[in-house]
Amino acid sequence: MQFSNIMSPRWAYLLISFLSVLHKDLAKLRCDGDSLIKKNGKLSKEDIDDLISIDNQSQIKMCLVVLGKNPLETGIAELLWRDLVKVYKPADDIPEDELQLLGWISAGIPAPDFMNLSLTDIDTIASFGKWRNYSREQLMSLKQAIEDQWSYKGPSDLSNYDLAALGQVLCAFNKSYIAAIKPMAYKAAAADISNLVNCPQEIVKEFALLATSRDAFGDPSGWTAIQIALIGCVIDGLDSVRDIQPDAFEGLSASNMQCLSNNVLQAMSIEQISHLSLSAVNALTYAQRSSLDREQIKAIQETANTLGAVLNDGRSTSRTTWSTMTLVTYLQLPTLIISSYCRL
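Residues numbered from 1 in each chain as written. Predicted model: local features only at pLDDT ≥ 70, side-chain atom pairs only at ≥ 80, totals over all residues. Heavy atoms only, no water.

## Let's talk about the state of the cysteines
On inspection of all chains with the given rule, the structure shows 2 disulfides. The disulfide that involves cysteine 171 links it to cysteine 199, with 2.1 Å between the sulfurs. Looking down the S-S bond of the cysteine 171 and cysteine 199 bridge, the torsion is -115°, so its handedness is left-handed. You can see cysteine 171 sitting in the loop between helix H10 (160-166) and helix H11 (175-179) and its partner cysteine 199 sitting in the loop between helix H12 (183-189) and helix H13 (201-211), a full 28 residues away along the chain. What makes cysteine 199 buried here is its relative accessible area of 12%. Between the sulfur atoms of cysteine 233 and its disulfide mate cysteine 259 the distance is 1.7 Å. The disulfide joining cysteine 233 to cysteine 259 has a torsion of about 70° about its S-S bond and is therefore right-handed. Here the residue cysteine 233 occupies a position in the loop between helix H14 (225-231) and helix H15 (254-257), and cysteine 259 occupies one in the loop between H15 and helix H16 (262-267), the gap between them amounting to 26 residues. (Disulfide = S-S within 2.5 Å. Helix = DSSP H or I, 4+ residues; strand = E, 2+ residues; numbered from the N terminus. Buried < 20%, exposed > 50% of the residue type's maximum accessible area, 1.4 Å probe, protein only.)

Spelled out as structure tokens, the structure:
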């Protein structure tokens, strides 16, 4: 039997259909594997091509979770957002359960688009309230959208759940808004908003006033390490950190250190600095350590040496040796905070 060298229209159609289905199936599989996860957010245009599309709609949720897990380049985040908008046309039709999965993709949302999103679910607000390195314009637009859709709630009506969900968005409000928050609501949400990044100083100061309220944590001179662990970076807004007992500084975590200003670190006494934990000392950036005086530097080096750490210079990583007691304390701290907080 001799086959014709010319493919019939019917066979050509079947081949094209097969290749189309194969392409769609491959697209569906691309978010299932480890290849995207291992890239840790370092994605190219080729990596994300067609992953968020109508053809791959059944896999969109999985793709959003995988693609938004790690920080993304702004251009990639913007492309992924545009692809998602194309699927739903317009942005306000994107389901909230998918908005909640955006993760770092949300950094690519143009500021005006926030005004078109549905933000009726507190979980949606919570997903946007996490640190995503939004621009000031994005943050202000997001804040305005939340205010518009939750207009029946003023600052004095906010519960601790509301405050925890708002997170970084709180930095976009003015100081009079923050001042109107109830101290008891702040206290219950303190741990969730203890690491606000790049928050205006006037906002941090208002949170510090809430923290020192009788209905919250009271006079800083009586704060314990557990309370400092809950308050975190809000101590940056105090008039003077010298009022805090030195041993209370054992409660500062590594994440707290990264959002403390140089001014606060410079104002700390030698004894206060000497009570910083190993993880807190090692979390100090090169710029932060450079702002300290010679005696303060000596104090943190002694802390590091005592606990068996090799203090890195902020520009390279080093291995840290943990003592048995330090490790036990580190592992027990979350439980200690939770159990102690219930008694506050």
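## Considering helix H20 (residues 294-306)
The terminal C-alpha atoms of H20 lie 18 Å apart, and with 13 residues this matches the ideal 18 Å at 1.5 Å per residue to within 8%. Every buried residue of H20 is accounted for by Gln296, Ala299, Ile300, Thr303 and Ala304. Along the axis of H20, the buried residues cluster in a sector spanning 135°; they form a single face. Turned more than 90 degrees from where H20 packs its buried face, Arg294, Asn305 and Thr306 sit exposed. Looking at the buried residues of H20, the elements they touch are H16, helix H17 (270-274), helix H18 (278-283) and helix H19 (286-290). With a side-chain oxygen positioned 3.1 Å from the backbone nitrogen of glutamate 295, the residue opening H20 is aspartate 293. (Expected span 1.5 Å × (residues − 1). Arc of directions from axis to C-beta. Contact = heavy atoms within 4.5 Å. Polar contact = N/O pair within 3.5 Å; in protein donor to acceptor, adjacent residues only side chain to side chain.)

## A few points about empty space enclosed by the protein
The final tally for this structure, using the stated rule, is 1 cavity of 30 Å³ or more. Taken as a whole, the largest cavity encloses approximately 50 Å³ of empty space. Among the secondary structure elements, those contributing two or more residues to the lining of the largest cavity are helix H2 (35-38) and helix H4 (60-67). Here the residues of the lining of the largest cavity sort into 6 nonpolar, 3 polar and 1 charged. (1 Å grid on protein atoms, 1.4 Å probe; cavity = no way out; pocket = protein on both sides within 12 Å on 5 of 7 lines; lining within 4 Å. Points joined across faces, edges and corners; volume = space filled by probe spheres on them. Nonpolar A, V, L, I, M, F, W, Y, C, P; charged D, E, K, R; others polar.)

## A word on the environment of valine 241
Within the secondary structure layout, valine 241 lies in the loop between H14 and H15. We classify valine 241 as buried; its relative accessible area is 4%. When the C-alpha positions of valine 241 and serine 221 are compared, they lie 9.2 Å apart, and in sequence the two are 20 residues distant. The contacts of valine 241, once residues within four sequence positions are left out, are Ile235, Phe249, Val264, Ala267, Met268 and Gln272.

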